[in-house]
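Structural features, examined
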Amino acid sequence: AQRVTQPEKLLSVFKGAPVELKCNYSYSGSPELFWYVQYSRQRLQLLLRHISRESIKGFTADLNKGETSFHLKKPFAQEEDSAMYYCALNGKGAQKLVFGQGTRLTINP
Amino acid sequence: NAGVTQTPKFQVLKTGQSMTLQCAQDMNHEYMSWYRQDPGMGLRLIHYSVGAGITDQGEVPNGYNVSRSTTEDFPLRLLSAAPSQTSVYFCASSSTGAKMWEQYFGPGTRLTVT
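Residues numbered from 1 in each chain as written. Chains lettered and ligands numbered in written order. Predicted model: local features only at pLDDT ≥ 70, side-chain atom pairs only at ≥ 80, totals over all residues. Heavy atoms only, no water.

1. So, the state of the cysteines
All names here are of chain A. As a reminder of what qualifies: Here, a disulfide means two cysteine sulfur atoms that sit within 2.5 Å of each other. Counting from the N terminus, the helices are DSSP H or I runs at least four residues long and the strands are E runs at least two residues long. Partly exposed residues are those whose accessible area sits between 20% and 50% of the maximum for their type, while under 20% is buried and over 50% is exposed, using a 1.4 Å probe and protein chains only.
This structure, assessed with the given rule, holds two disulfides over all chains. Here Cys 23 pairs with Cys 87 through a disulfide, and the sulfurs are 2.0 Å apart. Taking the sign of the S-S torsion, -65° for the link of Cys 23 and Cys 87, the bridge is left-handed. Pair noted here: Cys 23 is in the loop between β3 (19-21) and β4 (24-26) and Cys 87 is in strand β9 (residues 83-90), with a separation of 64 residues, a long-range link. The pair formed by Cys 23 and Cys 87 is uniform in burial state, with each residue classed as buried.

2. Looking at the interface of chain B and chain A
How we decide: Here a residue-residue contact requires only that any non-hydrogen atoms of the pair lie within 4.5 Å. Throughout, the accessible surface (probe 1.4 Å) given up by two parts as they are put together, summed over both, is called the buried area. A side-chain nitrogen of Lys or Arg and a carboxyl oxygen of Asp or Glu constitute a salt bridge if their distance falls within 4 Å. Here a polar contact is taken to be a pair of N or O atoms separated by no more than 3.5 Å, where protein atoms must pair a possible hydrogen donor with a possible acceptor and residues adjacent in sequence count only if both atoms sit in side chains. Just so you know the grouping, Ala, Val, Leu, Ile, Met, Phe, Trp, Tyr, Cys and Pro go in nonpolar, Asp, Glu, Lys and Arg go in charged, and all remaining residues, Gly too, go in polar.
Taken together, the 22 residues of chain B in the interface contact 17 residues of chain A. Each partner contributes to the roughly 1,700 Å² buried at the junction of chain B and chain A, and carbon and sulfur atoms together form 55% of this total. Of all residues in chain B, B:Leu43, B:Trp101 and B:Phe105 give up the largest surface area on contact with chain A, accounting jointly for 37% of the area buried on that side. The interface formed by chain B and chain A contains zero salt bridges. Our count for the contact surface shared by chain B and chain A stands at six residue pairs in polar contact (both at pLDDT 80 or more). When residues of the side of chain B that touches chain A are traced back to their parent elements, those giving at least two are β4 (31-38), β5 (42-51) and β9 (87-94) of chain B. Considering every element that reaches the side of chain B that touches chain A, the biggest residue donor is β5(B), with four residues. In terms of residue class, the side of chain B that touches chain A is built from 13 nonpolar, eight polar and one charged.

3. Focus on the packing of aromatic side chains
To keep it simple, the criterion reads: In this analysis, rings of Phe, Tyr and Trp, with Trp reduced to its six-membered ring, are considered paired at centre separations within 6.5 Å, and the interplanar angle assigns stacked below 30 degrees, edge-to-face beyond 60, and tilted for intermediate values. Whether a charge sits over a ring comes down to the Lys NZ or Arg CZ being within 6 Å of the ring centre and within 35 degrees of the ring normal.
In the structure shown here, the tally under the stated rule is 10 aromatic pairs over all chains. Geometrically, the ring pair formed by A:Tyr86 and A:Phe99 is edge-to-face, given 6.0 Å between the ring centres and 90° between the ring planes. On the criterion of sequence distance, the pair formed by A:Tyr86 in strand β9 and A:Phe99 in strand β10 (residues 97-99) is long-range, its members being 13 residues apart. Grouping residues by exposure puts A:Tyr86 and A:Phe99 together as buried. Among the aromatic residues, ring-to-ring pairing joins A:Phe34, A:Tyr36, A:Tyr86, A:Phe99, B:Tyr35 and B:Phe105 into one connected group. Above the ring of B:Phe74, the side-chain terminus of B:Arg68 is found at 5.9 Å from the ring centroid.

4. Focus on the environment of A:Trp35
All names here are of chain A. Following the sequence through the fold, Trp 35 ends up in strand β5 (residues 32-38). Remark: the alpha-carbon pair of Trp 35 and Leu 47, spanning 12 residues in sequence, is separated by 5.4 Å. From its side chain, Trp 35 meets the backbone oxygen of Phe 70 in a polar contact 2.9 Å long.

5. So, the nonpolar core
One recurring pattern in soluble globular proteins: nonpolar side chains tend to sit buried together. Residue and element names in this part refer to chain A. For clarity, the cut-off: The nonpolar core is taken to be a set of buried Ala, Val, Leu, Ile, Met, Phe, Trp, Tyr and Cys residues, with the residues joined through side-chain atoms within 4.5 Å.
Counting residues in each nonpolar core, the largest one holds 25 residues, and the members touching the most others are Trp 35, Leu 72 and Tyr 85. When residues of this core are traced back to their parent elements, those giving at least two are β2 (10-14), β3, β5, β6 (45-49), β9 and β11 (103-108). For this core, the element with the highest residue contribution is β9, accounting for four residues. With near-sequence residues (within four places) excluded, Leu 72 lies in contact with Val 19, Glu 20, Leu 21, Trp 35, Leu 47, Leu 48, Phe 59, Thr 60, Ala 61 and Tyr 85.

Dropping the structure here:
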């Protein structure tokens, strides 16, 4: 079964501090993993994808198959990073995203 | 391009009523899907379609029907609304080409069933 777990419903950090949003997954094959973000009053949108291995808005995420994790990290948080973040898994060829429960990130000034 | 549009934005129904949530996209995407978003549960897939005339069930399909008569439209029907269907509903679409992995979401419909 495919499952995505985000253990933190809420995460609050101060501006300039490092941020790590945790994501663990369960999948028997080689998954595609994504982070989606929903800013206040905006649509859910793709933040990054593990295969691209790029940094978007200062965020990076590394797939760790041994720990079945895909944590999202940013070294220095900014106030505009406050949003709801969802980790998602796409099973092989399925195009059906399985989402985690989401983590609401708040960056305090 | 308008992208993915959804109507209505808000809706209040009484238990037992039926209604259709509309979803349309103008990006010529083959793949469309419906999710519901509930607090503490993330987004869960209700139904999806890989092209006109083809639909399939997702994780939580009970109480919902879909059809896909055109590439552009993918309506979601609630046959007999129940309070458990109170949620925010999102429609999404993606292509089947090189960027098939990126889903584009609509703004959502907030539904309350009393």
